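Coordinates in review
In case you want the letters, here they are:
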Amino acid sequence: MTRSLDSGAASARVTVVTGSPGVGKTTLALHAAHRLRHIFTDGTLFTDLRGAGTAPRDPGDVLNSLLRSLGVPGRTIPAGLADRSALYRSILADRAVLLLLDNAATSAQVRSLLPGGGPSAVLVTSRAQLTGLVGATRLDLPPMSELEATALFAATAGHGRVADDDTAVADVITSCGRLPLAVRIAGAKLASRPAWSVRHLADRLADRHRRMDELHIEDLDVRASLMLSYRGLGPAAAQAFRLLALLDYPASSLRTAAALLDVPVSDAEHLLDQLLDAHLVTNPAPDRYSFHDLLRSFAKEQALREDSAEVRRRSLTRAVRASLTDLAGQIPHPRPDAVPQGTGRTASRAKQMREAVSDVEQDNLVAAIMLVTSTPELDAVLAAKLLELLQRPLILSGRWDDLSRCAAAVEHVTEGRAQATAQRVQARIAIHRDERATARRLLSITLEQARATGDRLGEVSSLILLGTLHGRSGDHDAAAATLEQAITAGLTANMPVQMTMAHNYAGEQYLHLNRPDTALYHLRAGLSLARDNNDEDLTAMALYLLGAAHSRLGDHDTALIHHHDALQLAQARGSAHSEAIARLHLGRTLQAAGRLDEADKALAIAVEGFRAHGDHHSAAQALAAAESLSGTV
């Protein structure tokens, strides 16, 4: 910033510093002015344009004050704006003055205050973007780094007060969102209360409902600073600000925001652009909108005051339903025009399929589940439906802890089929964690409930998980029998995903029972269903198990084709866990084919892949297969 002001350009140099309320724009500008005082030898002129309030200063009045500061007698100052601006520029033409225009409202307010040229320069601060100042150097000021915020807190509170509890200091900084104004207030409050420890302050700030009250001392007030920007919004933009904060999504999509506000996407984008221009939300990616923590707390506070409970309920319900609809659209579904593929063409097909649910959207959906389950006014069944669809993306991403948290929340606030959905997810997590007694107890409950209520989908899903549990326990006969029950129960129902899983898992169990012909029957059925259902993950599973079956029958060439197809599909899909499984089966077949060096490499990669995913059971299998290579003749 100082380099841009000290560039030696012939025309007036203009630097604009923008950022959210309380981020330290004015402090930074004053610091820069102090460092440049040797360049601007005719002085610095500071004026507050009051742009954050509802009554920004008139440019003509500002020019009147600036001209007086430049030594022009009041009686000789022209009456009109154009004449005042011309006189102002003529005076500055040969003077080296730094003009610090603080808190500008709009580009139009600033234009009349710019020198025409010469050695002077202008430093503007604003909460707005001021995109109309064409050619200006721009600096969008972010919150402080954790290190900077910690240093500011220590300097304000006193280094001796913060030296003994780094964890509490970090908690204070987090609650302040690394916003300089908030950090300075927290430090000043601690300094003024000798009886308080840093931990006591951190605990007070941890309460989101009272955080804004805590961040106030004398004339320093985070809420008051944010209120200035909020009051500058129009009614529709103000409501968008309030309702979007209630949603609690880390990065809301434009479509979700439009549903929340019950407006067309184009109207929602216009409203969100106003919030972006005011630095009240951020734009971390195209069509994504996020909040600083303190701005979200402030916006929620205003929503509780200004929006009725019914408005809040309807808005959040619309948004969550939109998220559910979008998620359902990303889950594999039957495709009438699905074209059977030839061997070796799997990777090209993957490009035509839907992309996996992104990490950002998974974060939003986890937040949606936690929001619904913690808000009694919202329908908890929505959370159960989200959980049922979200479990596969979370598992494929290795986010077992998030899945567990969501399942526990849903189980706690639902009953009947919705609760059984959560319990099946918990059973799946227990199987992954090798907590077999817990999984068996939960599946006993869900299977009994499904049969008592005629919930065929719940029955089949419970049987598939129970068969998986038997397989993990080494009872492959019981596993195969249970999975056959699942297939029989699902024959007359439309549940292609569950039937695909049942056939694939049954094929896997028959491989353990050394019945490769029976395994081939089930795996071919599973592959056909997976392809018809446009399901890449279950297609990959059927392929690598088909490879294992052909290898068991001694047809290593066909087996390797299936393994490579599965591996290519997993890689194209970006599924690290599926890739590790494919490499495990590939390694076993390469070993059986006598290609030991290639087998060793495939198994080593599989071990690392399983460990990275937290799948210790499969990692042990891959490691055992790798260790068996040393005994291969």
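Our subject is the structure listed above.
Residues numbered from 1 in each chain as written. Predicted model: local features only at pLDDT ≥ 70, side-chain atom pairs only at ≥ 80, totals over all residues. Heavy atoms only, no water.

Quick notes on the packing of aromatic side chains
Going through the model one piece at a time under the given rule, you end up with four aromatic pairs. Their ring planes at 40° and their centres at 5.9 Å tell us that Y230 and F241 sit as a pair that is tilted. Note that Y230 is positioned in helix α12 (residues 222-231) and F241 in helix α13 (residues 235-247), a separation of eleven residues in sequence. Ring pairing ties together the aromatic residues Y230, F241, F291 and F298, which thus form one cluster. (Phe/Tyr/Trp six-rings, centres within 6.5 Å; stacked < 30°, edge-to-face > 60°. Helix = DSSP H or I, 4+ residues; strand = E, 2+ residues; numbered from the N terminus.)

Thoughts on helix α31 (residues 596-613)
The end-to-end C-alpha distance of α31 is 26 Å, a good match for the 26 Å that 18 residues give at a rise of 1.5 Å each. Every buried residue of α31 is listed here: A599, A602, L603, A606, V607, G609, F610 and H613. Contact partners of the buried residues in α31: α20 (380-396), α21 (400-413), α30 (576-592) and α32 (616-628). At the C-terminal side of α31, G614 shows a positive phi close to 80°. (Expected span 1.5 Å × (residues − 1). Buried < 20%, exposed > 50% of the residue type's maximum accessible area, 1.4 Å probe, protein only. Contact = heavy atoms within 4.5 Å.)

Concerning the sheet that holds strand β4 (residues 121-126)
Strand order in the open sheet formed by five strands is β2-β3-β4-β1-β5, and the pairing between neighbours is parallel. Of all strands in the sheet, those bounded by a partner on one side alone are β2 (44-48) and β5 (137-140). With direction set aside, neighbouring strand axes in the sheet form an average angle of 15°. Summarising the sheet, strand β1 (residues 13-18) and β4 pair through six bridges and their orientation is parallel. Looking at the pairing, V17 lines up with T125 of β4. (Pairing = 2+ DSSP bridges. Axes fitted to C-alpha atoms, helices over the stretch in contact; angles between N-to-C directions.)

With respect to helix α2 (residues 25-35)
Taken residue by residue, α2 has K25, A29, A32 and A33 as its buried positions. Projection of α2 onto a plane perpendicular to its axis shows the buried side chains occupying an angular sector of 100°, all on one side. (Arc of directions from axis to C-beta.)

Re the pattern of salt bridges
Here the structure, examined in full by the defined rule, presents 28 salt bridges. Taking the shortest distance from any N to any O, the salt bridge between D307 and R242 comes out at 2.7 Å. One end of the pair, D307, is in the loop between α16 (293-306) and α17 (309-330); the other, R242, is in helix α13, with 65 residues separating them in the sequence. Each member of the pair D307 and R242 is classed as buried. R392 is paired through a salt bridge with D537; the nearest N and O atoms lie 3.3 Å apart. (Salt bridge = Lys/Arg side-chain N within 4 Å of Asp/Glu carboxyl O.)

A closer look at the pairing of β2
Side-chain alternation along β2 places L45 and T47 on a buried face and T44, F46 and D48 on a face that remains uncovered. Alignment of β2 against strand β3 (residues 98-104), held across five bridges, turns out to be parallel. Bridge pairing in β3 places F46 opposite L100.

By themselves, these are just geometric observations and shouldn't be taken as functional.
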